[in-house]
Amino acid sequence: MYFILNVRNIQNLIIYGFLNSGFKMNKIFRIINEKFIKYIFILFEICLPKKNNYWVFCSWDFHFHTIDNPRAIYESVKSDNKICKIVLLKNKNKNYKLSEDELNVKMINAESLLGAYYLAVSKVVLIGYALFGLSSYSKYLTSKHCVVQLWHGVPLKKIGKLFQGESWWDDETNKYSMLVSSSKMDRVIMHKAFHPIQISNVIVSGLPRNELILKSANLLPDDLFNPVRQLRNQIK
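First, a word on scope: everything that follows refers to the structure included in this document. (Residues numbered from 1 in each chain as written. Predicted model: local features only at pLDDT ≥ 70, side-chain atom pairs only at ≥ 80, totals over all residues. Heavy atoms only, no water.)

### Observations regarding the sheet that holds strand β6 (residues 176-181)
Step number 1: The seven strands are arranged β3-β2-β1-β4-β5-β6-β7 in an open sheet whose pairing can be described as parallel. What marks the edges here is a single partner per strand, and that holds for β3 (105-109) and β7 (202-204). Strand after strand, the sheet turns through a mean of 25° between neighbouring axes, direction not considered.
Step number 2: For strand β1 (residues 51-57) and strand β4 (residues 122-127), the ladder comprises four bridges, and the chain directions are parallel. From the neighbouring strand, F57 faces β4, where its bridge partner is L126. (Pairing = 2+ DSSP bridges. Helix = DSSP H or I, 4+ residues; strand = E, 2+ residues; numbered from the N terminus. Axes fitted to C-alpha atoms, helices over the stretch in contact; angles between N-to-C directions.)

### Regarding the layout of surface pockets
Step number 1: Considering only enclosed or pocket space, the second largest pocket measures out at about 280 Å³ in volume.
Step number 2: Lining the second largest pocket are 18 residues, and of these W151, H152, K157, I159 and E166 lie nearest its centre.
Step number 3: Taken together, the residues that form the lining of the second largest pocket break down as 11 nonpolar, four polar and three charged. (1 Å grid on protein atoms, 1.4 Å probe; cavity = no way out; pocket = protein on both sides within 12 Å on 5 of 7 lines; lining within 4 Å. Points joined across faces, edges and corners; volume = space filled by probe spheres on them. Nonpolar A, V, L, I, M, F, W, Y, C, P; charged D, E, K, R; others polar.)

### Thoughts on the nonpolar core
Step number 1: In this structure, L88, L119 and F194 are the most contacted members of the largest nonpolar core, which totals 42 residues.
Step number 2: When residues of this core are traced back to their parent elements, those giving at least two are α2 (27-47), β1, β2 (84-89), α4 (113-121), β4, β6 and α6 (184-193).
Step number 3: Among the elements that make up this core, the one with the highest residue count is α4 (eight residues).
Step number 4: Of all hydrophobic cores here, the second largest spans 13 residues; its members include Y74, V87, L89 and L150. (Core = buried A, V, L, I, M, F, W, Y, C linked by side-chain atoms within 4.5 Å. Buried < 20%, exposed > 50% of the residue type's maximum accessible area, 1.4 Å probe, protein only.)

### So, the pairing of β4
Looking down a regular strand, the side chains alternate between one sheet face and the other.
Step number 1: Taking burial as the measure, the six residues of β4 include five buried ones, the bulk of the element.
Step number 2: Sheet analysis places β4 next to strand β5 (residues 146-149), joined by four bridges and oriented parallel. Counted as the bridge partner of L126 is V148 from β5.

The values are spatial; any link to function lies outside them.
This is how it looks when you write it as C-alpha cells:
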C-alpha cells in the first residue's frame, strides 16, 4: 500500500503537471522516452487498481478524436457523466474544444506518462485495430482489463491470425474479452481470426458505426458533419 501511494504521489506531482503535453523530441530521444514510459506503465499496471467506470478509446494517426466503430460507442456514452471517457490521441489538436454534451471526457496524449496512467487504471479498453497500435506500451496490457475489439470493417480479406506474416496477434488476442460481428458468418470468421476468445464472446451486433451512417447528418458532431457540409457545397 505504501508503494502504491508513492506511485500515486509521483503521478500527482509530475504527470498531471509537466508530462501531459508529451515530449517534443528527436528520434533518439523518442526511443528513450518510449522505453521509459514502457517501464512506468508496467509498474502502473501491476500496482494500480482498475476502475470499472474508466473507458479508454483508441485513435488513429492524423486524427484528433477517436473514429470509426470506437467513435460510435463513444457517441453513445459521451453524455454519461458516470463514465470517465479517455481518448488516447496519436495527434493532439490543442484547438479542439469539447462540446457541451461531452461530459467527463479526457483527451490525452498517448505517448505521455498521463496516458500510461489512464490506460493502466481503465477497466474497459475499446480498440478498432491491433492492441499494440494504441500506444508504444499498450502491448504490455494484462488480462485485468476488459478489451473490446471493435475492428474497422467486415473481413472481406484475411485478417488477424488468418493473415500470415502478422505474428503480433499471438501476443494479444488472448487478452480480448469481446468481439463484435455483423452476421453469423462474420462471427465465425472473426472467431477464427482472433481466437482463443470463446465464440460466445463474439457478439452479433452489427458494426457500431452503422448507427452514425444512419443518423441524420444534422445530428452528427461537427467534426463528422464537416465533410458532409463540404460535399454538399461542392455539388450545389
